[in-house]
Structures are given as structure tokens and as C-alpha cells.
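Architecture at a glance
Letter by letter, the chains look like this.
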Amino acid sequence: MVGIRDEQRAATRQQILRAGLELVRQSGFGKTTTGEIAKLVGKAHGTIFVHFATRDALVIEIVKAIGSSLTDHLARMSSDSFGLDQFLDAHLAVLREAEELHSALLQEMSRLPASARAYVMAMQSGVSARLGRALQIDIDKGLARPFDKVALANIWIALTNHYLLNRDLFAPGESVIVRHGAALKSQLLAIVEKETAHV
Amino acid sequence: MSDTHCPSCGSCGFPMESEDDFAGGNREAAYCSTCADSNGHLKPFDTVVALNADYFVRHQGIDLSAAVELARTLLQTMPAWAGNQSTLQ
Ligand SMILES: [Zn+2]
């Protein structure tokens, strides 16, 4: 039986996690302290450690939440029948929803626990798997020329990561996805575009 | 960020949407069809590490031994595998 205490406990844990995500969104992982998280949820500092053994344990859960939110949204927004054009739109929309978090994750990855990197790579593998399926659909329909799926996925991931990592340079004070997403998408599509017959 | 998630595998964290994603095609299963057998029982840790590593290799071209290390690191943070050590190289 799930008692009220368990429910409260789960609710507090969720509150802490959400506060952590909000602070990381605002100022990154490095500048987010457990003290500030406690202040934001209105609990004593010690309460954080009732729910997460260490700061690292909380950081890992924040990273997991960023990753599962992406794969989750992607699962709901895209379909197995999507071609590249639709898949790239869905992926960009999902990135747009949490671009500050993805940017912080990429920028600070080397200073986060090792499992953070494993989550990022797992998330990217999920993107790659879907992109590969979408490419195959376009190839089968004669809309794209045959191209190595992993290579195209890695080009896309490298491209989007580069813009997310340097969003302060590519789009200071605004969304880098809104400003450059459409151009990045056209660049990727151009790579697999079929050569049109010249007269 | 939304709070409503589709269920994710308790072993590897993979989101499970279609019936095929769930072990044994059973929507009540706690694990995905990669990590568990058709009865919903988790496969041995080393097997699951190898299968997850293979996913990294196939989709991103990561070096196999590096992929094994990544998969092991990832799985060890999941409740299903806390404290498990792998002997895979
Ligand atoms: Zn799994």
C-alpha cells in the first residue's frame, strides 16, 4: 500500500528535481548549489540529502531527466513513418524546448560524473536510430540518395551540438534553434539530396 | 519539461512505446525487450551490458571497448543494477 508519507516523499523528491532543473537552466550545473535548490523548494538544506545521497546523485538524476525528456518528447512527436524532413523538425522542436539545459549539459560534461556522458551518448544513440530510420524511408521513396546512416546521424549531432555549445555566439540573447534551426536542417538535407538531371 | 513520461525500461532507461519495446510484448513489463527475456526476467548483467554497448556501436560508430565502458557506467546508475560489476572487457 502506498501511504501518504510515500506520496509526500515522492512529491518532495520531484520538487527538488524540478528546482534543480530550473536552476541548471538558469545558470548551469557548476553554479547550482544544493543550498539554492533547498531555498527554491522552501526546505531545509538537509532535506535534499534525505532524497539524494550526494550532490552527484542529484546531478545524475537531473541529467537523466534531461535525457528522458528528450527521448520521451521525441517518441511522442515523431513517428516511425516520418521521413528526414519531418524527423528533423521534430528533433529541433524538442531541442528548442530545453535548449539551455542541453547547452549546459554539453558545455559542462567533462566536469560532471562519468555517467552523465553515458546518458548523453545514449540520448544521441536514440536520435541516431530514429534519424537512420527516417533516412531509410526517404531512400526507399526515392527522395534521398543512399548514404551511410551512422555518418549522417553523426554529422547532424555534431552540427546541432556545435550550435548548442556556442549558442551565446550564434544567437546571443535568443534561441539558437529558432534562429538557425531551419538553416541547419537544409544543410543536412542537401547532403543526401538526389542529383537533379542536368539538361 | 513535462511530467508525463512514457514508461522507461528499469534496466537501461530506454523509453517503451510500442508493444515490441516491452519484454514479451507485455505492456505491464518493467523492462524492455532488449534487457529482459520473453517472460520479463532480466538477462544477466554482462549480457545486458553487451547488448547496450552494441546499440552505441551500431548507431554512433563508437569503439566497442569504449562502448562497453559507457554501457556499464550507464547501467550501474539504474536501480535494477545498483552494485553490479561486469567482467566484460
Ligand atoms: Zn532495457
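Residues numbered from 1 in each chain as written. Chains lettered and ligands numbered in written order. Predicted model: local features only at pLDDT ≥ 70, side-chain atom pairs only at ≥ 80, totals over all residues. Heavy atoms only, no water.

Turning our attention to the overall build of chain B. If you tally the helices and strands in chain B, you get 2 helices and 0 strands. Burial analysis of chain B (89 residues in total) assigns 38% to the buried set. When contacts within chain B are restricted to residue pairs at least 6 apart in sequence, those whose partners lie at least 24 apart make up 31%. In the form shown here, chain B has an accessible surface area of approximately 4,600 Å², with 51% of it arising from carbon and sulfur atoms. (Helix = DSSP H or I, 4+ residues; strand = E, 2+ residues; numbered from the N terminus. Buried < 20%, exposed > 50% of the residue type's maximum accessible area, 1.4 Å probe, protein only. Contact = heavy atoms within 4.5 Å. Areas by Shrake-Rupley, 256 points an atom, 1.4 Å probe, with all protein chains shown as cover.)

All names here are of chain A. Across its 17 residues, helix α10 (residues 176-192) extends 24 Å between first and last C-alpha, which sits within 8% of the 24 Å expected from 1.5 Å per residue. A bend of about 30° at A182 is the largest found in α10. Those residues of α10 that sit buried are V176, I177, H180, G181, L184, K185, L188 and V192. On its buried face, α10 sits against α5 (84-97), α6 (99-108), α7 (114-140), α8 (149-165) and α9 (167-170). Of the residues flanking the start of α10, the one acting as N-cap is S175, its side-chain oxygen 3.2 Å from the backbone nitrogen of I177. (Expected span 1.5 Å × (residues − 1). Bend = angle between axes of the 7 residues up to and from the residue. Polar contact = N/O pair within 3.5 Å; in protein donor to acceptor, adjacent residues only side chain to side chain.)

Per-chain confidence: chain B averages 88 in pLDDT, with 89% of residues scoring 70 or above. For this predicted complex, the interface confidence score (ipTM) comes to 0.84, while the overall pTM stands at 0.89. (pLDDT = per-residue confidence, 0-100.)

The next thing to look at is the domain arrangement of chain A. Note on interface size: it is often stated as the accessible area lost on association of the parts. All names here are of chain A. Looking at the assigned domains, one finds that chain A contains domain 1 (1-52) and domain 2 (56-192). A C-alpha centroid distance of 28 Å is found between domain 1 and domain 2. Each side of the interface is counted separately: domain 1 has 14 residues, and domain 2 has 14 residues. Interface area, domain 1 with domain 2, both sides summed: about 1,100 Å², of which 84% is carbon and sulfur. Summed over the shared surface of domain 1 and domain 2, the result is 2 salt bridges. A salt bridge links R13 to E61; its shortest N-O distance comes to 4.0 Å. When residues of the side of domain 1 that touches domain 2 are traced back to their parent elements, those giving at least two are α1 (4-27) and α2 (34-41). Top element by residues in the side of domain 1 that touches domain 2 is α1. It accounts for 7 residues. The residue makeup of the side of domain 1 that touches domain 2, split by class, is 8 nonpolar, 4 polar and 2 charged. (Domains from an automatic or database assignment. Buried area = accessible area lost by both parts, 1.4 Å probe. Salt bridge = Lys/Arg side-chain N within 4 Å of Asp/Glu carboxyl O. Nonpolar A, V, L, I, M, F, W, Y, C, P; charged D, E, K, R; others polar.)

What follows covers the coordination of the zinc ion. All names here are of chain B. Coordination of the zinc ion by the protein involves C9 (SG), C12 (SG), C32 (SG) and C35 (SG), with metal-donor separations of 2.3 to 2.4 Å. Given 4 donor atoms and angles of 105 to 114° at the metal, the environment of the zinc ion is assigned as tetrahedral. A residue is classified by how much of its surface remains accessible, and C12, at 12% relative accessible area, is buried. Residue C35 is classed as buried on the basis of its relative accessible area of 0%. (Donors = N, O, S within 2.8 Å, 3.2 Å for Na, K, Ca; no water. Tetrahedral: all angles 85-135°; square planar, octahedral: opposite > 155°, others 65-115°.)

Here we come to the packing of α5(A) against α7(A). Residues and elements named next belong to chain A. With their axes 8 Å apart at the nearest point, α5 and α7 run at an angle of 155° to one another. Classed by the angle they form, the pair α5 and α7 counts as roughly antiparallel. Counted together, L84, D85, F87, L88 and H91 of α5 and V127, R130, L131, A134, L135 and D138 of α7 form the full contact between these two elements. Looking at side-chain class alone, the contact of α5 with α7 contains 7 nonpolar, 1 polar and 3 charged residues. (Axes fitted to C-alpha atoms, helices over the stretch in contact; angles between N-to-C directions. Parallel < 35°, antiparallel > 145°, perpendicular 65-115°, else oblique.)

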